[in-house]
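# Observations on the three-dimensional arrangement
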Amino acid sequence: MNKRAEPGAISTVDLEQAAFWMPFTANRQFKKTPRLLARAEGMYYWTPEGRQVLDGTSGLWCVNAGHCRPRIVEAVQKQVAQMDFAPTFQMGHPVAFEFAERLARIAPGGFSRVFFTNSGSESADTALKIALAYHRARGEAQRIRLIGRQRGYHGVNFGGMSVGGIGANRKAFGPGVAAVDHIAHTHDLQRNAFSRGQPQAGAEFADDLERICTLHDPSTIAAVIVEPVAGSAGVLVPPQGYLQRLREICNRHGILLIFDEVITGFGRLGQPFASQRFGVLPDLFTTAKGMTNGTVPMGAVFAKDSIYDTFMDAPEGIELFHGYTYSGHPLACAAGIATLDTYAEEGLLTRAGSLEKIFEERIHSLKGERHVVDVRNCGLMGAVELEPRAGKPGARAYETFLKVFEAGVLVRWTGDILAFSPPLIVESAQIERIFDTVREALKTVD
Ligand SMILES: Cc1ncc(COP(=O)(O)O)c(C=O)c1O
């Protein structure tokens, strides 16, 4: 019997044969026991059966202002009725120019140029290409090497995958782009387990970049890309002094430093961007996710003025042969402007700072619970790492995630780590509920 779904009639039975090839998902497992979300508002999702679920992950690290915010919904509706699409290749439209201006205003000083993309992956690849082209424009075409970090995540396109440092995301896809290497990650459970905020030990992990420079000759290296706080690999907070040291080494060798702020951007760490929180400026930084509050796909690369100016020094003509049909899409820009308005009206770009201590107290109250080998946090970003079950890596965290979801809270799991990043509108009682639910679940997971 054909069990395929009739349009508009998705049921559990239909899902086993569903056409949707789901991303980063165990399709067969999911389709047997699906978890569907059908509606959202503020801090909550609702399942198709009407069960309310507290969102402990901002969807997928992106819905920073909470769900279905009226101002953003209205702006998108209005824009789609007024002008659905306009090209930005050799043409333009006012909404894209306005949004770029607004973004530049909240960026650190000296970052007044914004290149639009449609996702974090595209932002990563765009930043890497800008870095290569920048060196070439300055007569240093030999700088072709791109350096990432173990456990880094920069999306799934070829550039981002190649500098990425999560093995599972790479192994099925061949060697990736040439001339890539990786510095060591900073996760050090022996010295830093249960650190609150930035771990004390480990600034010297940055010196691994010197090793790479010696190995390859620094004059062949174009850029180093890191997430200020690694997100997808399980919230790895930079040790004190680490980012400063990375910056110094890049300066010494003329290497561009790229921060991937796809998760940390737009208030996650209590400042608009992580560079402002940590007091370390990159040369380029990538964003996406919170940029439109997750409503319309969009990303951007912010470039230091001197980088943009280098391109503008070239003879008249197209300065960068790069862009996407949907770079600066009107709907995304309208959503983005309304998102920035919402952030400003409610002080959301700094609100994580005032909630950080409460969040820290609550998440660290899980220290001592069964299986918990580490708890870490920064801003409204945190993780609880579990001891892996013998021979079954990831199983324990997955089961905990399921129990937490059944109890009405959405968190994220990756390997044996549970990750938390609630919308920045979260209240302290909701923070408490998230971690109390995890505590209860851990009691019943073997
Ligand atoms: C740091 C970082 N870079 C890039 C990406 C990729 O973004 P997208 O999934 O929008 O392509 C992500 C996604 O989680 C991310 O966390």
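Residues numbered from 1 in each chain as written. Predicted model: local features only at pLDDT ≥ 70, side-chain atom pairs only at ≥ 80, totals over all residues. Heavy atoms only, no water.

### Some thoughts on the nonpolar core
Convention followed: Buried Ala, Val, Leu, Ile, Met, Phe, Trp, Tyr and Cys residues form a nonpolar core when they are joined through side-chain atoms within 4.5 Å. Think of it in three bands: with a 1.4 Å probe and only protein chains considered, a residue is buried below 20% of the maximum accessible area for its type, exposed above 50%, and partly exposed in between. Working definition: helices are DSSP H or I runs of at least four residues, strands are E runs of at least two. Numbering for both runs from the N terminus. Contacts: residue pairs with any heavy atoms within 4.5 Å of one another.
Ranked by internal contacts, the top residues of the largest apolar core, which has 98 residues, are F99, L103, F116, L209, F302 and F420. Top element by residues in this core is helix α13 (residues 330–345). It accounts for 8 residues. Dropping the residues within four chain positions of it, F116 is found in contact with A96, F99, A100, L103, M291, M298, G299, A300, Y324, S327, G328 and C333. In terms of nonpolar packing, the next biggest core, distinct from the first, is built from 17 residues, I130, Y134, A223 and L256 among them.

### Structural notes on the sheet that holds strand β1 (residues 39–41)
Basically, it comes down to this: Strands pair, by our definition, only if DSSP identifies at least two bridges between them.
Read from one edge to the other, the open sheet built from 4 strands follows the order β1-β2-β3-β13, with strand pairing classed as mixed. The strands lining the two open edges of the sheet, one partner per strand, are β1 and β13 (409–410). Relative to strand β3 (residues 52–55), strand β2 (residues 44–46) runs antiparallel, the two sharing 3 bridges. Residue pairing across strands places Y45 opposite V53, the latter belonging to β3.

### Remarks on the site of the ligand
As a reminder, the rule being used: Nearness is judged by heavy atoms alone; a residue qualifies as near a molecule or strand once a single heavy atom is within 4 Å of it. Pairing of N or O atoms within 3.5 Å defines a polar contact, subject to two protein rules: one partner must be a possible hydrogen donor and the other a possible acceptor, and residues neighboring in sequence count only if both atoms are side-chain atoms. The method behind every accessible area is Shrake-Rupley, applied with a 1.4 Å probe, and residues are considered shielded solely by the protein chains displayed. Each residue is assigned to one of three groups, with Ala, Val, Leu, Ile, Met, Phe, Trp, Tyr, Cys and Pro labelled nonpolar, Asp, Glu, Lys and Arg labelled charged, and all others, Gly among them, labelled polar.
Taken together, S119, G120, S121, Y153, H154, G155, E227, S232, D260, V262, I263 and K289 are the residues near the ligand. One nitrogen or oxygen atom from the main chain of G120 is found 2.9 Å from an oxygen atom belonging to the ligand. Its free accessible area being 390 Å², the ligand has 83% of it covered by the protein chains. Here the residues of the shell around the ligand sort into 3 nonpolar, 6 polar and 3 charged.

### Let's talk about helix α12 (residues 305–312)
What counts is decided by this rule: Within this analysis, the arc is defined by the directions that extend from the helix axis to the C-beta atoms.
Taken together, the buried positions of α12 are occupied by I307, T310 and F311. Down the axis of α12, the buried set is contained in an arc of 95 degrees. They therefore lie on one face. Those residues of α12 that are buried lie in contact with α6 (120–137), β8 (256–260) and β9 (284–287).

### Some words on the packing of aromatic side chains
The test is simple: Two rings belonging to Phe, Tyr or Trp (six-membered ring only in the last case) form a pair when the distance between their centres is within 6.5 Å. Interplanar angles under 30 degrees mark stacking, angles over 60 mark edge-to-face geometry, and anything in between is tilted.
Taken as a whole and judged by the stated rule, the model has 15 aromatic pairs. With centroids separated by 4.5 Å and ring planes inclined at 10 degrees, the aromatic side chains of F285 and F302 adopt a geometry described as stacked. Placement of F285 in strand β9 and of F302 in strand β10 (residues 299–303) is noted, with a sequence separation of 17 residues between them. Take F285: its relative accessible area is 0%, and that puts it in the buried class. In this structure F302 comes out as buried when scored by relative accessible area, which is 0%. Chaining the aromatic ring pairs together yields one cluster made of F111, F266, F273, F285, F302 and Y343.

### Considerations on the pairing of strand β7 (residues 221–226)
Operational definition: Crossovers are described as right-handed under a simple rule: with the strands pointing away from the observer, the path leading from the first strand over the helix to the second runs clockwise.
In terms of burial, β7 is largely enclosed, as 6 of its 6 residues are buried. The pairing of strand β5 (residues 145–149) with β7 spans 3 bridges and is parallel. Note that in β7 the partner of R145 across the bridge is I221. Here β7 runs beside β8; their pairing, made up of 4 bridges, is parallel. Considered in β8, the bridge of V226 is made with F259. Handedness of the β7-helix α10 (residues 242–253)-β8 crossover: right-handed.

### Considering the environment of L424
Looking at where L424 falls in the secondary structure, it is placed in the loop between β15 (417–420) and α16 (428–444). Residues L424 and T117, 307 residues apart in the sequence, show an inter-C-alpha distance of 24 Å. Apart from the residues lying within four places of it in its own chain, the contact partners of L424 are N64, F266, G267, R268, L348, R351, A352, L355 and L380.

### A word on the confidence of the model for the protein
Which entries qualify depends on this criterion: Known as pLDDT, the predictor's confidence for each residue is given on a scale from 0 to 100.
On average, residues of the protein carry a pLDDT of 96, and 97% of them reach 70 or more. Throughout residues 1–8 the model reports pLDDT below 50, and contacts reaching past four residues in sequence, or to other chains, amount to 9 contacts.

### A word on the packing of helix α5 (residues 94–106) against α13
For the record, the criterion: The axes are straight lines fitted to the C-alpha atoms, using for helices just the contacting stretch, and the angles between their N-to-C directions are given from 0 to 180°. Note on convention: the crossing is left-handed when the near helix lies turned anticlockwise from the far helix by less than a right angle, right-handed when the turn is clockwise.
It is at 9 Å that the axes of α5 and α13 come closest, and there the two elements cross at 35 degrees. The hand of the α5/α13 crossing is left-handed. Of the residues in α13, those touching α5 at V95, A96, E98, F99, R102, L103 and I106 are P330, A332, C333, A334, G336, I337, L340 and D341. Class assignment for the residues of the contact of α5 with α13 results in 11 nonpolar, 1 polar and 3 charged.

### What to know about the side chain of D374
With respect to the helices and strands, D374 occurs in strand β11 (residues 372–378). Among residues more than four places away in sequence, those in contact with D374 are H187, L189, N192, A193, F194, S195, A383, V384 and E385.

### Focus: the sheet that holds strand β14 (residues 412–414)
If you trace the 4 strands from one edge of the open sheet to the other, you get β11-β12-β15-β14, paired in antiparallel fashion. Looking at which strands have only one partner, the edges of the open sheet turn out to be β11 and β14. Direction aside, the axes of adjacent strands within the sheet are offset by 20 degrees on average. Taken strand by strand, helix α15 (residues 395–406) contacts β12 (381–386), β14 and β15, and its axis lies near 45 degrees from that of β15. The strands touched by α16 are β11, β12 and β15; relative to β15, the strand with the most contacts, the crossing angle is about 165 degrees.

### Quick look at the pattern of salt bridges
For the record, the criterion: By salt bridge we mean one thing: a side-chain nitrogen of Lys or Arg within 4 Å of a carboxyl oxygen of Asp or Glu.
Using the criterion set out here, one finds 26 salt bridges in the structure. When the shortest N-O distance is used, the salt bridge between R191 and E204 registers 2.8 Å. Within this pair, whereas R191 is found in helix α8 (residues 189–192), its partner E204 is found in the loop between α8 and α9 (208–216), the two being separated by 13 residues in sequence. Overall, R191 belongs to the partly exposed group, its relative accessible area being 44%. Look at the salt bridges and you will find they share partners, linking R71, R102, D341 and E345 into a network.

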